[in-house]
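Descriptive analysis of the structure
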Amino acid sequence: METKFLKIDINSFNTEDLKEAGEIIRAGGLVAFPTETVYGLGGDGLNKESSKKIYEAKGRPSDNPLIIHIADLKDIFRITTGMSDKALMLAESFWPGPLTMILKKAAIVPFETTGGLDTVAVRMPDNKIALEFIKSAGGYVAAPSANLSGRPSPTTAEHVCEDMNGRIDMIIDGGSSTIGLESTIVDMTEDVPIILRPGYITMNSLSRVVGDVVYDPAILDLSSDEPPRAPGMKYRHYAPKGDLAIVKGEKDKVIDYIRRQTEAALSEGERVGIIATEETYLNYSATEVQNIGPRDDEATIARRLYAVLREFDEDGITRIYSEDFDTPNMGQAIMNRLIKAAGHHIINLSN
Ligand code: AMP
Ligand code: MG
């Protein structure tokens, strides 16, 4: 299949520019589109054949449900049943924005979209191109991240092209994602909301609006045998090709350890990549040292994480060491992604 490319300037475009993209979705095709979190791989969320195509294009297991993206709050009542007051309050507070809510699905939503579940994930993205595209596509765009299963999520149209060229009908290039990490997922089907995936919107922000909020225990205790409630969280996502280890502990010890390991690995012929911060990167020499940003600038770290992992892949890096980023708000979301990318390989120097 030949993939069309559509470049859109987020600051100057009109409805007409997204007409063809919308028509592709209505006809059952697939279009990758920008959002503030990461790029999405969209199909018609109410068409089971479209959802099947999405799984195929990504190489994704079909028990891993998709998120339906909407552009108008009232549309949520067509695809869900029993919206609670709390869910409505969260929608009003955080949409458009990086919050996905799990709700009971209405009959119109095919099980192919929800991975067989009787609940559905819904989000309204905070990106003008995405919103216009969703409207043009009929209002319900099912989309996972637009990467091949197991690869880091795409935060630019170039990343999407690396993974999806020739596999989907169109890629809309709307520039880099401003957040760069996937949405926070919160299960609203019970009285107390449950965070299934940490993201840009933190537990504290949610609590300020709806009171008590809890975490799915499976995402906190990474050695837990309990399966996570978001089926996708059990897979080893976001994996770079090189072997990634996260090194934790006091700053000087971490630097010293990574330096020694790097030297040994280089002498064994490995190509070594290091994820360091503004404060530390000058301490290292390796095949590739990435300064991901200042330690206390979590927005920058989040935005750059996936791009850094992809660059290592491109440069054939075989061994990666990363410092850890336990920043106050998004730190948990960042570390959740990084730990998965590392397949839980953490070297703790503090004990
Ligand atoms: P992605 O679109 O790649 O960010 O992945 C979507 C995430 O949402 C996956 O981790 C899914 O498991 C999760 N998800 C989607 N629908 C549901 C649902 N009905 N219940 C629980 N988790 C869901
Ligand atoms: Mg994904």
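The preceding data block contains the structure.
These remarks concern the structure in this document.

How each quantity is defined
- Residues numbered from 1 in each chain as written.
- Chains lettered and ligands numbered in written order.
- Predicted model: local features only at pLDDT ≥ 70, side-chain atom pairs only at ≥ 80, totals over all residues.
- Heavy atoms only, no water.
- Near = heavy atom within 4 Å.
- Polar contact = N/O pair within 3.5 Å; in protein donor to acceptor, adjacent residues only side chain to side chain.
- Areas by Shrake-Rupley, 256 points an atom, 1.4 Å probe, with all protein chains shown as cover.
- Helix = DSSP H or I, 4+ residues; strand = E, 2+ residues; numbered from the N terminus.
- Nonpolar A, V, L, I, M, F, W, Y, C, P; charged D, E, K, R; others polar.
- Axes fitted to C-alpha atoms, helices over the stretch in contact; angles between N-to-C directions.
- Parallel < 35°, antiparallel > 145°, perpendicular 65-115°, else oblique.
- Left-handed = near helix turned anticlockwise from the far one by under 90°.
- Contact = heavy atoms within 4.5 Å.
- Salt bridge = Lys/Arg side-chain N within 4 Å of Asp/Glu carboxyl O.
- Buried < 20%, exposed > 50% of the residue type's maximum accessible area, 1.4 Å probe, protein only.
- Pairing = 2+ DSSP bridges.
- Expected span 1.5 Å × (residues − 1).

1. Some details on the site of ligand 1
Close contacts around ligand 1 come from 22 residues, with Asn 64, Thr 119, Pro 144, Arg 197 and Gly 232 the closest. Between ligand 1 and the protein, one listed contact pairs an oxygen atom with a side-chain N or O atom of Arg 60 at 3.2 Å. At 2.9 Å, a side-chain N or O of Thr 119 approaches a nitrogen atom of ligand 1. Across the complex, the protein chains shield 97% of the 500 Å² of accessible surface that ligand 1 would expose by itself. Secondary-structure elements contributing two or more residues to the shell around ligand 1 are strand 7 (119–123) and strand 11 (194–197). Tallied by class, residues from the shell around ligand 1 come to 14 nonpolar, 4 polar and 4 charged.

2. Some words on the packing of helix 6 (residues 157–164) against helix 10 (residues 298–314)
At a closest axis distance of 12 Å, the pairing of helix 6 and helix 10 adopts a crossing angle of 50 degrees. Viewed along their axes, helix 6 and helix 10 adopt a mutual orientation that is oblique. Handedness of the crossing formed by helix 6 with helix 10: left-handed. Here His 159, Glu 162 and Asp 163 of helix 6 lie close against helix 10, whose contacting residues are Ala 307, Arg 310 and Glu 314. A per-class count over the contact of helix 6 with helix 10 returns 1 nonpolar, 1 polar and 4 charged.

3. Comments concerning the pattern of salt bridges
The full count for this structure, using the stated rule, is 18 salt bridges. Asp 163 is paired through a salt bridge with Arg 310; the nearest N and O atoms lie 3.0 Å apart. Here Asp 163 is found in helix 6, whereas its partner Arg 310 is found in helix 10, with 147 residues between them in sequence. Owing to a relative accessible area of 2%, Arg 310 belongs among the buried residues under this scheme. Two residues, Glu 182 and Arg 337, come together in a salt bridge whose shortest N-O distance is 2.9 Å. Taken together, the residues span a long stretch of sequence, with Glu 182 in the loop between strand 9 (170–173) and strand 10 (184–187) and Arg 337 in helix 11 (residues 331–341) at a distance of 155 residues. As far as the burial class goes, Glu 182 and Arg 337 line up, both buried.

4. Quick look at the sheet that holds strand 14 (residues 272–276)
Sheet architecture is open: 5 strands sit in the order 15-14-16-13-17, paired in parallel fashion. Looking at strand neighbours, the two that pair on one side only are strand 15 (288–291) and strand 17 (346–348), the edges of this open sheet. When the angles between neighbouring strand axes are averaged without regard to direction, this sheet yields 20 degrees. Summarising the sheet, strand 13 (residues 243–248) and strand 16 (residues 319–323) pair through 5 bridges and their orientation is parallel. The partner of Asp 243 across the bridge, within strand 16, is Arg 319. Along the sheet face, helix 9 (residues 251–267) touches strand 13, strand 14, strand 16 and strand 17 and points at about 175 degrees away from the line of strand 16.

5. Describing helix 9
The end-to-end C-alpha separation of helix 9 is 25 Å, in line with the 24 Å expected for 17 residues at 1.5 Å each. Among the structural elements, strand 13, strand 14, strand 16 and strand 17 are those in contact with the buried residues of helix 9. Positive phi shows up at Gly 269, right after helix 9, with a value of about 90 degrees.

6. Let's talk about the packing of helix 10 against helix 11
At a minimum axis separation of 10 Å, helix 10 and helix 11 run at an interaxial angle of 15 degrees. Between helix 10 and helix 11, the interaxial angle falls into the category roughly parallel. Note that helix 10 runs across helix 11; the crossing there is left-handed. Of the residues in helix 11, those in contact with Glu 298, Ile 301, Ala 302, Leu 305, Tyr 306 and Leu 309 of helix 10 are Gly 331, Ile 334, Arg 337, Leu 338 and Ala 341.

Bear in mind that shape data such as this cannot, by itself, settle questions of function.
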